Amino acid sequence: MTSAAMAAHGAGPATFPLEYRQRVWTRQHGLPSNAIQSILQTRDGFLWIATRNGLARFDGLKFAIFNRQNTPAFIRDECTALAEDRDGTLWIGTRTGLLSLREGQFQRYDTRDGLWDESITALCARAGGDVWIGTMKGPVRLYRGEFTRFPPKEGVRNDADDDTLAIYEDRKRTLWISSGPGLQYWDDSTSRLHDARFSDVEASQYVKHFAEDSTGALWLRGAYLWKFGDDSWNRQPHRTDLYERNTLCVASSTSGVVWLATRSHDVVQWREGQMIFVAGGNALPDSEVSCLYEDREGNLWIGTQNAGIAQWLPRRFPAVTVRHGLAHNNVWTLNQGRDGSLWVGTEG
């Protein structure tokens with residue numbers, strides 16, 4: 001599909017993939033807020049949603065809400081980030097400290113416990129057991145009960161530039177940390193942060209989302225959309241800016257597919273080396289997508305800034321459409337040939 005055709009999809013009527021059915025969850029269904037910040041499925045199967053008005057746990061039917069009204073560990077209700085460590089502890093970032101939930105008990109951490117700053121912006125629980133916390137004053141590492149703060153990058157002009165925007169551990173166990181000034185990675189052998197080198201310095205700035213595809217290439221959504229593979233950084237895609245400045249977020253699937261959501265209401269997949277248009281027009285409940293998350297059952301969860309969560313549920317019987325080679329999506333007749341082949345009569 002050409003870039004012009006893809007752009008036309010975003011501006012035209014809704015086009016929704018037949019392989020999925022959509023359900024939208026909002027405050028009317030029990031969410032504490034329609035402003036979604038982060039989504040995570042824990043190992044017990046529950047889906048956790050961080051919102052501006054509290055934390056929600058979803059069991060597939062209803063939401064349980066945790067906030068100041070029923071949980072003393074909350075000082076303010078806004079939740080910003082989620083992570084689950086290797087021991088099954090759920091970590092919750094808020095604007096007034098770090099919370100943990102283990103065996104039904106919440107605990108709060110703040111500056112009195114060694115946390116450098118209480119405004120949490122990102123979380124990442126590593127395979128090695130340490131938890132990394134992004135704050136408005138830079139990254140903090142929690143390891144064996146102790147917090148360690150790392151100084152800002154050289155050349156940082158003010159505190160605002162030191163905001164940690166995202167933290168991600170890839171399959172090779174490399175830890176990536178992004179902030180306003182640029183992108184860094186953690187070296188376990190030296191216990192130091194190093195700058196990631198780009199040919200275009202703008203590429204490393206303001207990275208807010210990470211993903212990995214089936215080849216292990218790393219995708220970054222910053223000022224543009226970038227892909228890191230074979231030891232080189234490449235802006236993606238080369239032919240159009242539709243998925244660059246308009247790309248809101250990216251996320252990985254269990255199968256290695258990279259999902260992308262754009263401000264044009266488009267949902268796109270990077271699969272088998274190409275961009276594949278999935279949905280557009282008004283298929284999404286809101287143009288401002290804040291996060292994407294695919295759970296273990298293959299559901300895609302699309303968090304928005306104003307309209308709650310869209311849940312895309314895979315159909316158990318996949319549809320065959322023009323995307324798979326049909327001449328038209330309107331099918332009028334079917335007939336099986338003597339050799340077992342299926343003949344399909346369509347409108348065009």
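A brief look at the structure comes next. (Residues numbered from 1 in each chain as written. Predicted model: local features only at pLDDT ≥ 70, side-chain atom pairs only at ≥ 80, totals over all residues. Heavy atoms only, no water.)

### Comments concerning the overall build of the chain
Helix and strand counts for the chain come out as one helix and 30 strands. Within the span of the chain, comprising 348 residues, buried residues form 51% of the whole. Per element, the accessible surface of the chain, about 17,300 Å² overall, is 45% carbon and sulfur. (Helix = DSSP H or I, 4+ residues; strand = E, 2+ residues; numbered from the N terminus. Buried < 20%, exposed > 50% of the residue type's maximum accessible area, 1.4 Å probe, protein only. Areas by Shrake-Rupley, 256 points an atom, 1.4 Å probe, with all protein chains shown as cover.)

### With respect to the sheet that holds strand β5 (residues 63-66)
Strands sit in the order β2-β3-β4-β5 across an open sheet of four strands; the sheet is antiparallel. Each end of this open sheet is capped by a strand with a single partner; those strands are β2 (36-41) and β5. Each neighbouring strand pair of the sheet contributes to a mean axis angle of 20°, computed without reference to strand direction. Bridge count between strand β3 (residues 47-51) and strand β4 (residues 54-58): five bridges; the pairing is antiparallel. (Pairing = 2+ DSSP bridges. Axes fitted to C-alpha atoms, helices over the stretch in contact; angles between N-to-C directions.)

### Concerning the sheet that holds strand β26 (residues 289-294)
Read from one edge to the other, the open sheet built from four strands follows the order β1-β28-β27-β26, with strand pairing classed as antiparallel. Sheet topology places β1 (20-25) and β26 at the edges, where each strand pairs with a single neighbour. Taken over all neighbouring pairs, the strand axes of this sheet differ in orientation by 20° on average, direction set aside. The pairing of strand β27 (residues 300-304) with strand β28 (residues 309-314) spans four bridges and is classified as antiparallel. Considered in β28, the bridge of G303 is made with I309.

### Looking at the pairing of strand β7 (residues 90-94)
The element β7 is extensively covered by neighbouring structure, given that five of its five residues are classed as buried. Taking every second residue as pointing to the same face, both faces of β7 are buried, with L90, I92 and T94 on one and W91 and G93 on the other. Of the strand pairs in this sheet, strand β6 (residues 79-84) and β7 are connected by five bridges, and their pairing is antiparallel. Within β7, the residue paired with E84 across the bridge is L90. Once β6 ends, the chain turns through five residues before running back antiparallel as β7, passing G88 with a positive phi of about 90°.

### Some points on a nonpolar patch on the surface
Taken together, the side chains of V331, L334, L342 and V344 define a hydrophobic patch exposed on the protein surface, amounting to about 350 Å² of accessible area. If you list the elements that add at least two residues to the nonpolar patch, you get β29 (331-336) and β30 (342-346). Counting through the fold element by element, L342 comes out in strand β30. Look at L342 and you get exposed, because its relative accessible area is 57%. (Patch = residues over 30% accessible without salt bridge, like charges linked within 9 Å, V, L, I, M, F, W, Y side chains within 5 Å. Salt bridge = Lys/Arg side-chain N within 4 Å of Asp/Glu carboxyl O.)

### Overview of the pattern of salt bridges
Think of it this way: side chains of opposite charge can pair up when their charged atoms draw near. For the structure on display, the rule yields 13 salt bridges. Residue D77 pairs with R68 through a salt bridge whose shortest N-O separation is 3.3 Å. Taking the shortest distance from any N to any O, the salt bridge between E78 and R76 comes out at 3.8 Å. Each member of the salt-bridge network shares a partner with another, and the members are R126, D130, R141, E169 and D188.

### What about the packing of aromatic side chains?
A complete count under the given rule lists 19 aromatic pairs for this structure. Note that R57 overlies the ring of F46, its terminal NZ or CZ placed 4.8 Å from the centroid. A cation over a ring is seen here: R141 above Y143, with NZ or CZ 4.6 Å from the ring centre. (Phe/Tyr/Trp six-rings, centres within 6.5 Å; stacked < 30°, edge-to-face > 60°. Lys NZ or Arg CZ within 6 Å of the ring centre and 35° of its normal.)

### Examining the nonpolar core
Ranked by internal contacts, the top residues of the largest apolar core, which has 26 residues, are L31, I39, I49, L55, I92 and W301. Contributing elements (two or more residues each) for this core: β2, β3, β4, β5, β6, β7, β8 (97-102) and β26. Among the elements that make up this core, the one with the highest residue count is β3 (four residues). When sequence neighbours within four positions are dropped, the list of residues in contact with I39 reads L47, W48, L82, C291, Y293, W301, G303 and I309. Among the nonpolar cores identified, the runner-up in size contains 18 residues, and L248, A283, L292 and I302 belong to it. (Core = buried A, V, L, I, M, F, W, Y, C linked by side-chain atoms within 4.5 Å. Contact = heavy atoms within 4.5 Å.)

### Considerations on the pairing of strand β12 (residues 138-143)
Counting buried positions along β12 gives five out of six residues, so the element sits mostly inside the fold. Pairing of strand β11 (residues 131-135) with β12 involves five bridges; the strand directions are antiparallel. The residue bridging I133 from the neighbouring strand is V140, located in β12. Hairpin connection from β11 to β12: two residues lie between these consecutive antiparallel strands. The pairing of β12 with strand β13 (residues 146-149) spans four bridges and is antiparallel. Considered in β13, the bridge of L142 is made with F147.

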